[in-house]
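# Residue-level structural notes
The primary structure of each chain is shown beneath.
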Amino acid sequence: MGKGNQMEIKNFLHKRKYEILLIALIQHLYIGIVVSDMPFYTEILWPINMVILGLASVGVFIEKGKIKNIVKNILAIIVIALPVLLPFFKGVHEFMLILNLSYVLFFLFIFLEVFKFLIKPSYINTDIISAAACGMFLLIEIFVFLFQIWVYTDQNSFKGIDCTSPAHTFIDLVYYCCITLTTIGYGDITPSAHYTKLAASLIGISGQFYSVVLVGILISKFTSNGK
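First, a word on scope: everything that follows refers to the structure included in this document. Model, not experiment: these values are computed from the prediction. Sequence order sets the numbering: in each chain, residues are counted from 1 along the sequence as written. Totals for whole chains, interfaces and linings use every residue, but because this is a predicted model, local features are given only for residues with pLDDT of at least 70 and side-chain atom pairs only at 80 or more, for both listing and counting. Only hydrogens and water are set aside; all other atoms, that is, all heavy atoms of the structure, feed into the side-chain values.

## Concerning the overall build of the protein
The test is simple: The helix and strand labels rest on DSSP assignments: H or I over at least four residues marks a helix, E over at least two residues marks a strand, and numbering proceeds from the N terminus. Only the C-alpha atoms count toward the radius of gyration. The rule for a globule is 2.2 Å times the residue count to the power 0.38. The classification of residues rests on relative accessible area computed with a 1.4 Å probe and restricted to protein chains. Under 20% of the type maximum is buried, over 50% is exposed, and intermediate values are partly exposed. By definition in these notes, contact holds between two residues if any of their heavy atoms fall within 4.5 Å. We count Lys and Arg on the positive side and Asp and Glu on the negative side, and we leave His and both chain ends out. Charge placement uses NZ in Lys and CZ in Arg. For Asp and Glu, CG and CD serve respectively.
Across its full length, the protein carries eight helices and two strands. Ordering the α and β elements of the protein from the N terminus gives α-α-α-α-α-α-β-α-β-α. By the compact-globule yardstick of 17 Å for 227 residues, the protein fits well, its C-alpha radius of gyration being 18 Å. Taken over the C-alpha atoms alone, the protein extends approximately 55 × 45 × 35 Å along its principal axes. Split into buried and exposed, the 227 residues of the protein put 45% on the buried side. Considering only contacts within the protein whose residues lie at least 6 apart along the sequence, 73% involve residues at least 24 apart. Here the protein holds 16 positive side-chain charges and 13 negative ones, and the gap between their average locations is 15 Å.

As structure tokens, this is what we get:
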């Protein structure tokens, strides 16, 4: 690939970074809607999804400094490699702990960069809207993998979670985090340990706080544009 083509790809990733990341997050969280084969979901789609997310996060870190890019690349390699190894370490508690902790760090790292962008510019455009949506989905990703740490440590920490496969557990927790973050709360999945109860309350507060802060950011940007 020529240098000119590389620059074009880099410019495209940088210009459309939040739209690309948003699409990658949505397909990662909700691809289970159209997939019924859970072994295929776990062993094939999961690694592919993480490759897509790793590539989708590239644009967010362009021009962000060498250290940030190194950290992001290391985390991306880890979260892509771990699902590939899952069939060989299925049911190994220590492996699942490392996997989920790595995912929490990966998505938290991206979330902080997105949030820093949201509070920085004083204008409204499609980047702001896409970044705001990315922030919400990244919060869901962070809490899903945080909760998975506890589920794999103690399956009784939640009631109503299907633990027959990693894919079922992931999908149930995506559903649970979404309805908790949006304060719908159907009650079919409930935390049953003191730490998961506190974490569930934390995700509800985090969602409300993010929404309030986001509204404040958007209002301030509209006000700035109107001056």
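Having seen the model, we can carry on.
## Quick notes on helix 4 (residues 66–85)
The cut-off we apply is this: Helix span is expected to be 1.5 Å times the residue number reduced by one. Throughout, the arc means that of the directions going from the helix axis to the C-beta atoms.
Relative to the 28 Å expected for 20 residues at 1.5 Å per residue, helix 4 spans 29 Å between its end C-alpha atoms, a close match to the ideal helical length. Residues K72, L75, A76, V79, L82 and P83 constitute the buried set of helix 4. Summarising the axial view, the buried residues of helix 4 lie within an arc of 135°, below the 170-degree limit, and thus occupy one face. Opposite the packed face of helix 4, turned more than 90 degrees from it, sit the exposed residues K66, I67 and I77.

## Concerning the pattern of salt bridges
Put simply, the test is: Each reported salt bridge corresponds to a side-chain nitrogen of Lys or Arg within 4 Å of a carboxyl oxygen of Asp or Glu.
Counting across every chain of the model gives four salt bridges. Of the charged contacts, one joins K64 and E113 as a salt bridge, the two residues approaching to 3.7 Å between their closest N and O atoms. With K64 in the loop between helix 3 (38–56) and helix 4 and E113 in helix 5 (residues 93–119), this residue pair connects regions lying 49 residues apart in the sequence. Since its relative accessible area comes to 5%, E113 is described here as buried. One salt bridge in this structure joins E113 and K68, with 3.0 Å as the shortest N-O distance. In this pair, E113 is assigned in helix 5 and K68 in helix 4, connecting sequence segments 45 residues apart. Given the relative accessible area of 24%, K68 is considered partly exposed. Counted as one network, the salt bridges with shared partners bring together K64, K68, E113 and K116.

## Considering a nonpolar patch on the surface
Here is the rule we go by: Patches here are clusters of residues that have more than 30% relative accessible area and form no salt bridge, with a 9 Å joining cutoff for like charges and a 5 Å cutoff for nonpolar side chains (Val, Leu, Ile, Met, Phe, Trp, Tyr). Accessible surface area values rest on a Shrake-Rupley calculation with a 1.4 Å probe, where residue burial reflects the displayed protein chains alone.
Where nonpolar side chains cluster on the molecular surface, the patch consists of F40, I44, I48 and I52 and spans about 320 Å² of accessible area. Judged by relative accessible area, which is 39%, I44 ranks as partly exposed.

## Side note on unusual backbone geometry
The residue T183 is not glycine, and still its phi comes out positive at about 60°. One can find T183 in the loop between helix 7 (166–181) and strand 2 (190–191).

## As for the nonpolar core
Our working rule: What we call a nonpolar core is a set of buried Ala, Val, Leu, Ile, Met, Phe, Trp, Tyr and Cys residues that are connected through their side-chain atoms within 4.5 Å.
Within the largest apolar cluster, 64 residues are counted, with the highest numbers of intra-cluster contacts made by L21, F107 and F147. Here the element with the most residues in this core is helix 6 (residues 126–153); it accounts for 14 residues.

## Notes on helix 3
Put simply, the rule reads: Here the bend at each residue means the angle between axes fitted to two seven-residue stretches, the one ending at that residue and the one beginning there. Throughout this description, a polar contact denotes any pair of N or O atoms lying within 3.5 Å of each other; where both atoms belong to protein, one of them has to be capable of donating a hydrogen while the other can accept it, and for residues adjacent in sequence the pair is counted only when both atoms sit in side chains.
L45 marks where helix 3 bends most, by close to 40°; the proline P47 follows one to four residues later. When we look at burial in helix 3, the residues that qualify are M38, Y41, T42, L45, W46, P47, N49, M50, L53, G54 and A56. Packing partners of the buried residues in helix 3 comprise helix 2 (17–30), helix 4, helix 5, helix 6 and helix 7. Near the N-terminus of helix 3, the side chain that reaches the backbone nitrogen of F40, with its oxygen 3.2 Å away, is that of D37.

Everything listed is a geometric property; what it means functionally is a separate question.
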